[in-house]
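Residues per chain, in single letters:
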Amino acid sequence: SDGIFKSTDGGETWHDITPWDIIPMRDWSDRKTLFVYSFAINPTDTKKIFAGTSEGVLRSVDSGNSWQLLGPSVLSINRLQAMSIEIDPVNNNTIYVGTNFFGIFKSEDEGNDWTQLSVKASYVRAIAINPQNSNEIFAETFLNGLCKSEDGGNTWNQVELPNGSNSYEIYAISYNPANLKTMFIVAWYYISWYPPMFYPVFLESTDGGVTWKTTDT
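Draft legend 1. Spotlight on unusual backbone geometry. In this structure, Ser63 takes a positive phi of about 60° despite not being glycine. Here Ser63 lies in the loop between strand 5 (56-60) and strand 6 (68-69). Residue classification places Ser63 among the partly exposed positions, given a relative accessible area of 23%. Here Tyr123, not a glycine, exhibits a phi torsion of approximately 50°, which is positive. Checked against the element boundaries, Tyr123 lands in the loop between strand 10 (115-116) and strand 11 (127-129).

Draft legend 2. Inspection of the side chain of Asn92 at higher detail. Locating Asn92 in the fold gives a position in the loop between strand 7 (82-87) and strand 8 (95-99). A distance of 2.8 Å separates the side chain of Asn92 from the side chain of Thr44, its partner in a polar contact. Here the side chain of Asn92 touches Asp88 through a polar contact of 2.8 Å, landing on its backbone oxygen. For Asn92, the contacting residues outside a window of four places in its chain are Asn42, Pro43, Thr44, Ile87 and Glu110.

Draft legend 3. The arrangement of the nonpolar core in detail. Counting residues in hydrophobic clusters, the biggest one holds 18 residues, and the most contacted among them are Leu146, Leu161, Tyr168, Ile170, Ile173, Ile185 and Trp212. Elements with a contribution of two residues or more to this core: strand 15 (168-176), strand 16 (179-192) and strand 17 (197-205). A per-element tally of this core places strand 16 first, with five residues. When neighbours within four sequence positions are excluded, Leu161 is seen to be in contact with Leu146, Tyr168, Ile170, Ile185, Leu203 and Trp212.

Draft legend 4. Inspection of the environment of Ala82 at higher detail. Along the chain, Ala82 falls in strand 7. For Ala82, a relative accessible area of 0% puts it in the buried group. Separated by 26 residues in the primary sequence, Ala82 and Gly56 have C-alpha atoms spaced 5.0 Å apart. Dropping the residues within four chain positions of it, Ala82 is found in contact with Tyr37, Ser38, Gly52, Thr53, Gly56, Val57, Val97 and Gly98.

Draft legend 5. Summary view of the environment of Asn92. Under the relative-accessibility criterion, Asn92 is labelled buried at 11%. For Asn92 and Leu117, which are 25 residues apart along the polypeptide, the C-alpha to C-alpha distance reads 18 Å.

Draft legend 6. Looking closely at the side chain of Ser54. Within the element layout of this structure, Ser54 appears in the loop between strand 4 (49-53) and strand 5. Residue classification places Ser54 among the buried residues on the basis of a relative accessible area of 13%. Those residues in contact with Ser54 that sit more than four places away from it in its chain are Thr33, Leu34, Phe35, Tyr37, Leu80 and Gln81.

Draft legend 7. Structural context of the environment of Val90. Within the secondary structure layout, Val90 lies in the loop between strand 7 and strand 8. For Val90, a relative accessible area of 54% gives the class exposed. Sequence separation between Val90 and Asn133 is 43 residues, and the spatial gap between their C-alpha atoms is 7.6 Å.

Draft legend 8. Representation of the pattern of salt bridges in the model. As enumerated under the stated definition, the model contains five salt bridges in all. A salt bridge links Asp45 to Lys48; the nearest nitrogen and oxygen atoms lie 3.9 Å apart. In this structure, Glu136 and Lys148 form a salt bridge, with 3.8 Å as the shortest nitrogen-oxygen distance. Here the residue Glu136 occupies a position in the loop between strand 11 and strand 12 (137-140), and Lys148 occupies one in strand 13 (residues 146-149), the gap between them amounting to twelve residues.

Conventions adopted
- For every chain, the first residue of its written sequence is number 1, and the numbers climb from 1 along that sequence.
- Two thresholds apply to this predicted model, a pLDDT of at least 70 for residue-level local features and 80 or more for giving and counting side-chain atom pairs, whereas whole-chain, interface and lining totals are computed over all residues.
- As a rule here, side-chain values cover all heavy atoms of the structure and leave hydrogens and water aside.
- By definition, any uninterrupted DSSP run of H or I lasting at least four residues is a helix, any uninterrupted run of E lasting at least two residues is a strand, and each is numbered from the N terminus.
- Relative accessibility under 20% of the residue-type maximum defines a buried residue, over 50% an exposed one, and the middle range a partly exposed one, all with a 1.4 Å probe and only protein chains included.
- As used in this structure description, the phrase polar contact means that two N or O atoms lie within 3.5 Å; if the pair is within protein, one of them must be able to donate a hydrogen and the other to accept it, and residues adjacent in sequence are counted only when both atoms belong to side chains.
- In what follows, a contact means two residues having at least one pair of non-hydrogen atoms within 4.5 Å.
- The set of buried Ala, Val, Leu, Ile, Met, Phe, Trp, Tyr and Cys residues whose side-chain atoms join them within 4.5 Å is what this entry labels a nonpolar core.
- For this document, the term salt bridge refers to a Lys or Arg side-chain nitrogen within 4 Å of an Asp or Glu carboxyl oxygen.

Shape is all these values report; function is a separate question.
This is the structure:
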C-alpha cells in the first residue's frame, strides 16, 4: 500500500499515520511514495510496531504516533526493501527482516543494530519462527527455495519440496499453533519461469517441515 494507515474503530474508518517528513523523495517520482510489505507487533508490548517498507524498516514505540527510519546501518543500503518481518516469539528483542536483494538481517536489540545472515536469498517474502523453539526458523529465499535454520539463523539448509524446491515462489509460511509439527505454505508453483507459467498451491507438512505435500484444503 502507499503509506501506513490506522483504524481505532475495528476498521470502520482509517487515517494516514505515514511519517512523510522522514520519507525521501526519489528521482523517479514526482511525489513521495511508501510501499508497505509487512508488519510486526511486539506481542508483549503492543505499542512497539515494525513496518517493512520500500525504504527499509520503520519502527514506532508509541502505537504509530511517531516513527523512526532505522539506520544508519546495513539496513540503509540503497534500494533495500524490507519484504518480511518476524519478531522472535521467545525473545522479543530479536527481529528478523527479509529483504529484496540482500538476504536476511537479524537484530538482537529491537532494531538498533543489525547483522546480515549467511543465507543466500532474494525477495524474502516469508519468515516463520517456531513459537516454542525460536532457534528453528524457516524462510522463503526465492530461487533457493525454502530454507531452514536450527541455530537462530547462523546456518541454513535447503528444504526439499515436491517437484523441486526452486519451482516455488512462497508468500506465507505458518505453524499450526495447536500442533507445531503441522505447518503450511502458500505459494505460486512455476511450471516455467521463462515464459512465466504458474498456479497457486497450498503445501502441508505434518513432521515439522521435514517433508511436504501439496493439499487441496
